[in-house]
Amino acid sequence: RAHLRPMWSLRFSRPLAPMHHIWSRRGLLVARSFANNASSGAKEGTLDTLPDPSTTIFAKILKGEIPCKKVYEDDHALAFHDVSPVAPAHVLVIPKKPIGTIGTVTAEDKVSLGGLMYAASQAAQSLGLHKDGYRLVINHGKHGQQSVGYLHVHIIGGKQLKWPP
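Reference entry: report on the structure contained in this document. Within each chain, residue numbers correspond to sequence positions counted from 1 in written order. Only residues with pLDDT of at least 70 get local features here, since the model is predicted, and only at 80 or more are side-chain atom pairs given and counted; chain-wide, interface and lining totals rely on the full set of residues. Side-chain metrics rest on all non-hydrogen atoms present in the structure, leaving aside hydrogens and water.

Details of the nonpolar core
The test is simple: Side-chain atoms within 4.5 Å link the members of a nonpolar core, which is a set of buried Ala, Val, Leu, Ile, Met, Phe, Trp, Tyr and Cys residues. Three exposure classes are used, based on accessible area relative to the maximum for each residue type with a 1.4 Å probe and protein chains only: buried under 20%, partly exposed in between, and exposed over 50%. Secondary structure counts use DSSP, requiring at least four H or I residues in a row for a helix and at least two E residues in a row for a strand, with both numbered from the N terminus. By definition, residues are in contact when any of their heavy atoms lie within 4.5 Å.
Ranked by size, the top nonpolar core spans 17 residues in total, and within it A79, V91, V93, L116, A123 and I155 carry the most contacts. Here the element with the most residues in this core is helix α2 (residues 110–126); it accounts for 5 residues. When residues no more than four places from it in sequence are discounted, the contact partners of A79 are K69, K70, V71, Y72, V91, L92, V93 and A123. Counting 10 residues, the second largest nonpolar core, distinct from the first, contains I57, A59, I61 and L78.

In structure tokens form, the structure reads like this:
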């Protein structure tokens, strides 16, 4: 992946809107998800720069505006293959209710969170990962390397994983 260099890693002489790009293995730009939040005084890379989750690439996937390779879908969540897998099996599971981060969930999100975990279990089972095991990962914020401002769970498996990751 060293040959892929997302735009946010480059330095520019004039300020640009905070943004994040997701690249496929072939180096194609798939999406940008961080919106300009300069007027709020937020620093780039902080949780303050995350956009409204309903405007992210995952919201567009849910609306059918961007295609995905579905693994599982129900009333609460959608699971699909990651465009840049880190293991033989790498699936993303997103709730159908737009939630920005795990740190912004409320008591009203309990049903969506339960549905998200159920969908992750069903997606992993449909891929045959339940036999040997897999890892579920939720990234939160800058230090957690959350790349899209929409809550999502990574299902990673299909090989022996190491700890720490």
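Read on for the rest.
Let's talk about the pattern of salt bridges
Quick reminder of the rule: Salt bridges are defined by distance alone: a side-chain nitrogen of Lys or Arg within 4 Å of a carboxyl oxygen of Asp or Glu.
Counted under the stated rule, the structure contains 3 salt bridges. Between E73 and K70 there is a salt bridge; the shortest N-O distance is 2.9 Å. Under the relative-accessibility criterion, E73 is labelled partly exposed at 38%. For K96, the salt bridge identified is with E73, shortest N-O distance 2.8 Å. With K96 in the loop between β5 (89–95) and α2 and E73 in strand β3 (residues 70–73), this residue pair connects regions lying 23 residues apart in the sequence. Under the relative-accessibility criterion, K96 is labelled partly exposed at 31%. One network of salt bridges, with partners in common, ties together K70, E73 and K96.

Some details on the sheet that holds β3
Keep this limit in mind: Think of it this way: DSSP has to see at least two bridges between two strands before they count as a pair. Between N-to-C directions, angles cover 0 to 180 degrees, with each direction set by a line fitted to C-alpha atoms, over the stretch in contact for helices.
Spatially, 5 strands are ordered β3-β4-β5-β7-β6 in an open sheet, and the strand pairing comes out antiparallel. The open sheet has two edge strands with one neighbour each: β3 and β6 (134–137). Recorded for the sheet is a direction-independent mean angle of 20° between the axes of neighbouring strands. Across 5 bridges, the pairing between β5 and strand β7 (residues 153–157) is antiparallel. In the strand pairing of β7, V93 is matched with V153.

What about α2?
Rules: The span one expects for a helix is its residue count, reduced by one, times 1.5 Å. To obtain the arc, one takes the directions from the helix axis to the C-beta atoms.
Under the 1.5 Å per step criterion, the end-to-end length of α2 is 24 Å for 17 residues, consistent within 8% with the ideal 24 Å. Those residues of α2 that fall on the buried side of the exposure criterion are S112, G115, L116, A119, A120, A123 and A124. Taken end-on, α2 shows its buried residues confined to a sector of 170°, consistent with a single buried face. In this structure, α2 carries K110 and V111 as exposed residues pointing more than 90 degrees from its buried face. Packing partners of the buried residues in α2 comprise β3, β4 (77–81), β5, β6 and β7. Taken from the residues just after α2, G128 is the one with a positive phi, measuring 80°.

Observations regarding the pairing of β4
Looking along a regular strand, one sees side chains alternate from face to face of the sheet. Counting buried positions along β4 gives 4 out of 5 residues, so the element sits mostly inside the fold. Sheet analysis places β3 next to β4, joined by 3 bridges and oriented antiparallel. The partner of E73 across the bridge, within β4, is L78. Hairpin connection from β3 to β4: 3 residues lie between these consecutive antiparallel strands. Across 5 bridges, the pairing between β4 and β5 is antiparallel. Counterpart to A77 in the pairing with β5 is P95.

Considering the environment of L113
Turning to its location among the elements, L113 is positioned in helix α2. Judged by relative accessible area, L113 falls into the partly exposed class, the value being 22%. Along the chain, L113 and I94 lie 19 residues apart, while their C-alpha atoms are 9.7 Å from each other. Other than its neighbours up to four places away in sequence, L113 contacts I102, V105 and L151.

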